[in-house]
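Structural features, examined
Each chain is listed here by its residues.
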Amino acid sequence: FPSHDKRHGMFTYHLLKFWQENLAEGTYGELAERLRRQVGPESVRTNNKEQTPQVLYSDGVEEEWRYWIFR
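Residues numbered from 1 in each chain as written. Predicted model: local features only at pLDDT ≥ 70, side-chain atom pairs only at ≥ 80, totals over all residues. Heavy atoms only, no water.

Regarding helix α1 (residues 10-21)
Let me state the cut-off plainly: Numbering of helices and strands starts at the N terminus; helices are DSSP runs of H or I of at least 4 residues and strands are runs of E of at least 2. Each residue after the first adds 1.5 Å to the expected span of a helix. When accessible area is computed with a 1.4 Å probe and restricted to protein chains, residues below 20% of their type maximum are described as buried, those above 50% as exposed, and intermediate ones as partly exposed. Think of it as the arc spanned by the lines of direction from the helix axis to the C-beta atoms.
Over its 12 residues, α1 runs 17 Å from end to end, which matches the ideal 16 Å to within 8%, given 1.5 Å per residue. Buried residues of α1: M10, H14, L15 and F18, and no others. Taken end-on, α1 shows its buried residues confined to a sector of 130°, consistent with a single buried face.

Quick word on the pattern of salt bridges
We count it as follows: By definition, a salt bridge exists where a carboxyl oxygen of Asp or Glu is found within 4 Å of a side-chain nitrogen of Lys or Arg.
This structure, assessed with the given rule, holds four salt bridges. Among the ionic pairs, E33 bridges to R37, the shortest N-O distance being 3.9 Å. Of this pair, E33 and R37 both sit in helix α2 (residues 28-47), separated by four residues, roughly a single helical turn. Judged by relative accessible area, R37 falls into the partly exposed class, the value being 47%.

Okay, here's the thing in structure tokens:
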């Protein structure tokens with residue numbers, strides 16, 4: 001859903017903000033948790049609609065993906 005005051009979609013805004021704040025490195029698990037915590041409540045407040053970011057992964061990496069580091 002949009003975040004008109006931020007001129008991005010809510011998911012995109014929080015994704016870019018996370019990467020900007022964690023320029024050195026971070027894990028995909030940290031990113032997924034932050035997006036879930038921030039996008040959901042903001043979407044309800046702003047758009048009066050639920051938005052729940054989810055991670056889709058293959059069966060072979062069930063919990064492993066959370067610890068992958070991006071640089």
